[in-house]
Each structure stands twice: as structure tokens, then as C-alpha cells.
Amino acid sequence: MNHFDSMLEEEEELDYGDDWTLGFNYNQTDEVTHEDRKIGWKVYNHCAFGNFLCASCSKCWSSAKVMVLFRYRLRKAAERGRVIMRPFGQACRSCNADGFYRPGFSEEEVEDTLQELFKKIRKNCYGERQDGGQTRPLHDVKKTKPHETELCEACLQGICCQNED
């Protein structure tokens, strides 16, 4: 949330005079109903590099396939924009503890992810044209062990980014 606010203020990422806020909802899905669409909600799925720590056995692991779901809308009349974020978790392979652990992200990954979100917002809320170029240079792609579908919360909901490769 701090990165979101500072990028809006210092780097003027969405410099259109509207106030934007970021919140979290760990139950939201990528489904946008007809009613949601009518009031302007849009969805953006982003695949990020994250780290996990199991609270039961203290195992640490990294994943290049961490799904982050953003739901956003601009209310032009109110001059307010709202972003709701949901990072999807992964389960521990070592101890098979119940539940999914939330990912952690490096500062660089957070900034890169928010840059991509802001591009989507500028395009879909303000009509800016996009350059269409590749967003992440090939040399920045991080390799991890093969993705384990049965341990991925996003895979179980059918929206994981592992199928994008």
C-alpha cells in the first residue's frame, strides 16, 4: 500500500486529478458480473515472482508463478478510483499443512507489478494508448522449480498464470 501511494504521489503514475486507493480482499475472484461491469469494474491478472514461508515447518520457497488479481474502477463523477488486490497463496509441499500461505514480494517486484497495473488503468480508465512492447525483458525472467498445480491456490480456481508460458 505504501508503494502504491508513493508511486501515485512521487512519480505521478495516474496524474489525472483523481484520488486512487488500494485495498485487499482475499476472497475475490476474476469473475466480473454484468452488474459489476455496468458500474465500471475491470479485472487485471498479473503473474509475479514471490517468496513463501510455511508457518508450520518454516520451509521457505520461491515461485515465479504467483498470481496477483486486481479489480479496479474509476468513478469519474466522484473523481475517485479504487483498486482491490488479492495475492493468491501456495501450500507447503514439505508438511502438507492445511491452507495456503500468502506470498511476500521484493520491492522491485512490487514496483514492477504496480507499473503494469497503472498501465492497465491508464488504458482502460483514461483511454491512453499502449506501446504494445514486452513488459519484462527476457533476462529478468526468474527460474524456479516446476510449478505444482495441486499446491497453488490460483490453479485450483482455474486462473493461474502457469498456462501463459
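Residues numbered from 1 in each chain as written. Predicted model: local features only at pLDDT ≥ 70, side-chain atom pairs only at ≥ 80, totals over all residues. Heavy atoms only, no water.

S.K.: Whenever I open this one, the nonpolar core confuses me. Can you help?
M.R.: Side chains that are nonpolar tend, in soluble globular proteins, to be buried together. Phe4, Trp20, Tyr72, Val83, Leu117, Phe118 and Ile121 are the most contacted members of the largest nonpolar core, which totals 20 residues. Elements supplying a minimum of two residues to this core: helix H1 (2-10), strand S1 (19-24), strand S2 (42-53), strand S3 (60-75), strand S4 (80-87) and helix H3 (107-126). If you tally residues by element for this core, the top one is H3, at six residues. Counting nine residues, the second-largest nonpolar core is a separate cluster that includes Leu69, Phe88, Ala154 and Cys155. (Core = buried A, V, L, I, M, F, W, Y, C linked by side-chain atoms within 4.5 Å. Buried < 20%, exposed > 50% of the residue type's maximum accessible area, 1.4 Å probe, protein only. Helix = DSSP H or I, 4+ residues; strand = E, 2+ residues; numbered from the N terminus.)

S.K.: Explain a negative patch on the surface here, please?
M.R.: Taken together, Asp5, Glu9, Glu10, Glu11, Glu107, Glu108, Glu111 and Asp112 make up a surface patch of like negative charges. Going through the elements one at a time, H1 and H3 are the ones with two or more residues in the negative patch. Tallying contributions element by element places H3 first for the negative patch, with four residues. With respect to the helices and strands, Asp112 occurs in helix H3. Asp112 gets classed as partly exposed once you look at its relative accessible area, which sits at 34%. (Patch = residues over 30% accessible without salt bridge, like charges linked within 9 Å, V, L, I, M, F, W, Y side chains within 5 Å. Areas by Shrake-Rupley, 256 points an atom, 1.4 Å probe, with all protein chains shown as cover. Salt bridge = Lys/Arg side-chain N within 4 Å of Asp/Glu carboxyl O. Lys, Arg positive; Asp, Glu negative; His and termini not counted. Charge placed at Lys NZ, Arg CZ, Asp CG, Glu CD.)

S.K.: What is the right way to look at the sheet that holds S1 in this model?
M.R.: Picture the strands of a sheet paired through backbone hydrogen bonds; they go either parallel or antiparallel. In space, the four strands of this open sheet follow the order S1-S4-S3-S2, with mixed pairing throughout. For this open sheet the edge positions go to S1 and S2, each flanked by a neighbour on one side alone. Here the average twist between neighbouring strands, direction ignored, is 25°. Direction of pairing for S1 relative to S4: parallel, over a ladder of six bridges. Counterpart to Phe24 in the pairing with S4 is Met85. In the packing of H3 onto the sheet, the strands contacted are S1, S2, S3 and S4, and the crossing angle to S2 comes to about 175°. (Pairing = 2+ DSSP bridges. Axes fitted to C-alpha atoms, helices over the stretch in contact; angles between N-to-C directions. Contact = heavy atoms within 4.5 Å.)

S.K.: Sorry if this is basic, but what is going on with H3 here?
M.R.: Count 3.6 residues to each turn of an α-helix, and residues three or four apart come out pointing the same way. Look at H3: 27 Å from first C-alpha to last across 20 residues, which is about the 28 Å you get at 1.5 Å a residue. Those residues of H3 that fall on the buried side of the exposure criterion are Glu109, Thr113, Leu114, Glu116, Leu117, Phe118, Ile121, Arg122, Cys125 and Tyr126. As for H3, its buried residues are in contact with H1, S1, S2, S3 and S4. Looking one or two residues past H3, Gly127 carries a phi angle of roughly 75°, positive in sign. (Expected span 1.5 Å × (residues − 1).)

S.K.: Help me understand the packing of H1 against H3 in this model?
M.R.: For any two helices packed against each other, one specifies the crossing angle of their axes together with the interaxial distance. Orientation of H1 relative to H3, taken along the N-to-C sense of each, is 55°, at an axis distance of 10 Å. Relative to H3, H1 is oriented oblique. Where H1 crosses over H3, the handedness of that crossing is right-handed. Counting all contacts with H1, which are made through His3, Phe4, Met7 and Leu8, the residues of H3 involved are Glu107, Val110, Glu111, Leu114, Gln115, Leu117 and Phe118. Grouping the amino acids of the contact of H1 with H3 by side-chain chemistry returns seven nonpolar, two polar and two charged. (Parallel < 35°, antiparallel > 145°, perpendicular 65-115°, else oblique. Left-handed = near helix turned anticlockwise from the far one by under 90°. Nonpolar A, V, L, I, M, F, W, Y, C, P; charged D, E, K, R; others polar.)

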